[in-house]
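# Per-entry structural report
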Amino acid sequence: VQLQASGGGLVQAGDSLRLACAASGRTFSSYNMGWFRQAPGKEREFVAAISWSGGSTNYADSVKGRFTISRDNAKNTVYLQMNSLKPEDTAVYYCAADERTYVSTVLLGTGGDYWGQGTQVTVSS
């Protein structure tokens, strides 16, 4: 599967952004999808994930209550709605996918089998 992330930009603290990750290739609805981010000088960290059915989600503590992950299998797209953005949310955001049924590294927040190219999110104070 090929992943294409979009929707990043420069916003002020407190603003909102919606990221999108469009998938092409094999059947999107069979993939668990997630978002990770990497800030300059820091390691990549997990943000949010959603199961192939949409029935399960997982969030990093730092974004709970502010970010919402969703998916539209008809459009082969996963979204990350980011509200109440903070300067510490500044990073390159990557979407990831796996097709693992029992132990999904995406849902666990430890990695993915497929990655998009990343989209920059910058939050000014």
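Everything below is about the structure shown above.
This report concerns the structure included in the present document. As the structure is a computational prediction, the values presented were derived from the model and not from experiment.

### Overview of unusual backbone geometry
Backbone phi values are negative for most residues with the exception of glycine, while trans is the configuration of most peptide bonds. Phi is positive for Asn76, close to 55 degrees, though the residue is something other than glycine. As for its placement among the helices and strands, Asn76 is situated in the loop between β7 (67–72) and β8 (77–82). Classification of Asn76 as partly exposed rests on a relative accessible area of 28%. For Ser84, which is not a glycine, the phi torsion comes out positive at approximately 50 degrees. Checked against the element boundaries, Ser84 lands in the loop between β8 and β9 (91–98). In this structure Ser84 comes out as partly exposed when scored by relative accessible area, which is 40%.

### Side note on the state of the cysteines
Disulfides are covalent bonds that link the sulfur atoms of two cysteine residues. Evaluated as defined, the whole model comprises one disulfide. Two residues share a disulfide in this structure: Cys21 and Cys95, whose sulfurs sit 2.2 Å from each other. The sign of the S-S torsion, about 60 degrees, decides the handedness of the disulfide formed by Cys21 and Cys95: right-handed. With Cys21 in strand β3 (residues 17–24) and Cys95 in strand β9, this residue pair connects regions lying 74 residues apart in the sequence. Like Cys95, Cys21 is buried.

### As for the sheet that holds strand β1 (residues 2–6)
Backbone-to-backbone hydrogen bonds pair the strands of a sheet. The strands run either parallel or antiparallel. The strand order across the open sheet built from four strands is β1-β3-β8-β7, with neighbouring strands paired in antiparallel fashion. Whereas interior strands pair on both sides, the edge strands pair on one side only; in this sheet they are β1 and β7. The average angle at which neighbouring strand axes cross in this sheet is 15 degrees, direction not considered. Note: β1 against β3, five bridges, orientation antiparallel. Paired with Leu3 across the strands is Ala23, a residue of β3.

Analysis parameters
- Residues numbered from 1 in each chain as written.
- Predicted model: local features only at pLDDT ≥ 70, side-chain atom pairs only at ≥ 80, totals over all residues.
- Heavy atoms only, no water.
- Helix = DSSP H or I, 4+ residues; strand = E, 2+ residues; numbered from the N terminus.
- Buried < 20%, exposed > 50% of the residue type's maximum accessible area, 1.4 Å probe, protein only.
- Disulfide = S-S within 2.5 Å.
- Pairing = 2+ DSSP bridges.
- Axes fitted to C-alpha atoms, helices over the stretch in contact; angles between N-to-C directions.

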